[in-house]
Amino acid sequence: MRFFVLSAAALAIGALTAQSQTPVTSRVAQTPPVGWNSWNYFADKVTDQNIRDSADQIVSTGMKDAGYIFVNIDDTWEGERDANGVLHTNSKFPDMKALADYVHSKGLKIGIYSSPGPKTCGGYEGSLGHEEQDAKMYAAWGIDYLKYDLCGFIPDVMMKQAPNDHAAQMRIMIAAYDKMNKALKATGRPIVFSFCQYGWDSVWEWAPSVGGNLWRTTGDITPDWDRMYAILSQQEGLEKYAGPGHWNDPDMLEVGNGKLSLSENRVHFSMWAMLAAPLLAGNDLPHMKPEIKAILTNKDVIAIDQDRLGKQAARIYSDGEVEVWSRHLSGGALAVAVINVGSDRYSTHPFHLNLHKLGLGDSQTGKDLWTGKAVTLTQNQPLELPSHDILLVRIDAPKALAK
Ligand code: GLA
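Residues numbered from 1 in each chain as written. Predicted model: local features only at pLDDT ≥ 70, side-chain atom pairs only at ≥ 80, totals over all residues. Heavy atoms only, no water.

Engineer: Would you explain the site of the ligand in this entry?
Structural biologist: Around the ligand sit 13 residues, and of these Asp74, Asp75, Lys147, Asp149 and Asp220 come closest. In the model, an oxygen atom of the ligand is placed 2.5 Å from a nitrogen or oxygen of the Asp220 side chain. Calculation on the ligand without its partners gives an accessible area of 300 Å², and the protein chains cover 92% of this total. Of the residues in the shell around the ligand, the class split is six nonpolar, one polar and six charged. (Near = heavy atom within 4 Å. Polar contact = N/O pair within 3.5 Å; in protein donor to acceptor, adjacent residues only side chain to side chain. Areas by Shrake-Rupley, 256 points an atom, 1.4 Å probe, with all protein chains shown as cover. Nonpolar A, V, L, I, M, F, W, Y, C, P; charged D, E, K, R; others polar.)

Dropping the structure here:
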């Protein structure tokens with residue numbers, strides 16, 4: 001154990017030294033990445049054409065203007081390695097450089113996916129033993145973002161090299177992420193580095209020191225309220241680890257997918273913005289309904305996510321099934337979210353807002369970010385919120401509670 005602590009510290013110091021030598025221009029993700037990823041809708045069926053269509057739609061729907069910049073290809077683009085170890089794409093992606101050029105021609109950026117293991121989660125070719133070669137190839141293609149998913153590394157490396165020794169397994173995993181970090185940095189191309197290892201081993205404590213710009217904090221999201229809310233609840237307490245260049249990632253958005261109702265989509269999008277989470281839509285963009293587009297392109301909500309202070313929201317209190325979260329914003333502003341998480345319309349009725357618990361005085365004026373209208377919030381004000389719905393308010397000039 002002691003050996004591990006020392007070696008993790010050494011790794012961290014080494015990586016920090018490398019980071020401080022990095023030119024400012026190559027520092028990425030100063031605000032959480034915003035874009036779209038293929039997995040949540042297309043999964044293993046994604047093709048080159050889906051990526052092109054999605055890029056087109058990001059532009060034509062106004063999503064690009066709202067801040068969606070990344071178009072990320074998830075797992076299942078990989079083919080086989082040749083005798084020189086060069087990884088080729090499979091038949092769904094005939095020419096990755098041409099695809100990257102196409103996405104760039106729209107003023108967007110392109111992301112890709114791999115694993116530190118021999119195989120990805122989908123059983124495709126990973127980067128083990130080819131990290132530098134793959135990083136150079138990504139840079140040559142013009143890749144701007146890499147999601148690096150632990151998956152095959154667990155059984156094939158961690159469990160084989162250090163069976164039953166969790167500390168050693170963790171050390172091996174951190175070294176694997178650092179290896180790709182160094183390979184990416186060596187290319188000289190600014191590439192956002194996204195860790196996907198499901199929030200194991202307190203990843204938020206060590207990921208930034210080995211180049212992580214964002215790290216998954218949980219297992220996979222699914223498009224239903226229970227999973228989305230479980231993930232939201234698991235973010236409590238992680239707020240201190242987020243900041244410019246390094247973000248908690250509660251997984252990609254399911255807005256517009258599966259069983260989420262309209263108000264549930266609003267809660268999901270609002271709270272990911274409150275969490276300063278990456279906003280990676282994962283819906284079928286060519287067939288997006290207008291009401292889903294309205295949620296995904298709400299610029300006021302995106303501005304909460306992108307606030308340059310980079311302070312993640314904290315859950316301040318809950319009363320029955322109503323939760324109150326707040327997030328400090330630049331210029332002294334504050335965002336307040338009140339969510340009825342209960343499944344019964346009258347589960348906590350009436351709910352009285354306690355501004356004092358938020359450090360606020362008796363009356364506040366702000367903007368309701370879903371109606372777009374001015375609102376006044378008062379101490380003990382009764383609020384009625386339908387089940388699984390949210391009140392999201394931005395207060396530009398909060399008045400503090402007199403001491
Ligand atoms: C894991 C990740 C998902 C997705 C799939 C692809 O499950 O957590 O986000 O990338 O692998 O195989």
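Let's pick the thread back up.
Engineer: I keep staring at the pattern of salt bridges and nothing clicks. Help me out?
Structural biologist: Side chains that differ in charge, positive against negative, can pair when their charged atoms come close. For the structure on display, the rule yields 19 salt bridges. One salt bridge connects Lys45 with Asp44, and the closest N-O pair in it is separated by 3.4 Å. Exposure remark for Lys45: the relative accessible area of 60% places this residue in the exposed category. One continuous salt-bridge network, built from bridges that share partners, spans Arg81, Lys119, Glu125 and Asp134. (Salt bridge = Lys/Arg side-chain N within 4 Å of Asp/Glu carboxyl O. Buried < 20%, exposed > 50% of the residue type's maximum accessible area, 1.4 Å probe, protein only.)

Engineer: Please explain the side chain of Glu254 as it appears in this structure.
Structural biologist: Among the secondary structure elements, Glu254 is positioned in the loop between β9 (247–249) and α11 (262–274). Arg227 is the oppositely charged side chain nearest to the buried, salt-bridge-free Glu254, at an N-O distance of 8.6 Å. A polar contact of 2.8 Å, which involves the side chain of Glu254, links it to the side chain of Asn257. (Helix = DSSP H or I, 4+ residues; strand = E, 2+ residues; numbered from the N terminus. Lys, Arg positive; Asp, Glu negative; His and termini not counted.)

Engineer: Honestly, the nonpolar core in this entry has me stumped. Any pointers?
Structural biologist: Grouped burial of nonpolar side chains is what soluble globular proteins tend to show. The biggest cluster of nonpolar side chains holds 98 residues, and the ones touching the most others in it are Tyr68, Trp77, Tyr138, Phe269, Met271, Trp272 and Leu296. Considering every element that reaches this core, the biggest residue donor is helix α8 (residues 166–187), with ten residues. Counting residues in hydrophobic clusters, the runner-up holds 18 residues, among them Val322, Phe351, Leu360 and Ile395. (Core = buried A, V, L, I, M, F, W, Y, C linked by side-chain atoms within 4.5 Å.)

Engineer: In this structure, what is going on with the packing of helix α7 (residues 153–161) against α8? I would like to understand it.
Structural biologist: Taken N-terminus to C-terminus, the directions of α7 and α8 make an angle of 130°; their axes are 9 Å apart at the nearest point. Overall, the two elements α7 and α8 adopt an arrangement that is oblique. The two elements α7 and α8 meet at a crossing, and its hand is right-handed. Contacts between α7 and α8 involve Phe153, Val157, Met158, Met159 and Gln161 from the first element and Gln169, Ile172, Met173 and Ala176 from the second. Of the residues belonging to the contact of α7 with α8, the class tally is seven nonpolar, two polar and no charged. (Axes fitted to C-alpha atoms, helices over the stretch in contact; angles between N-to-C directions. Parallel < 35°, antiparallel > 145°, perpendicular 65-115°, else oblique. Left-handed = near helix turned anticlockwise from the far one by under 90°. Contact = heavy atoms within 4.5 Å.)

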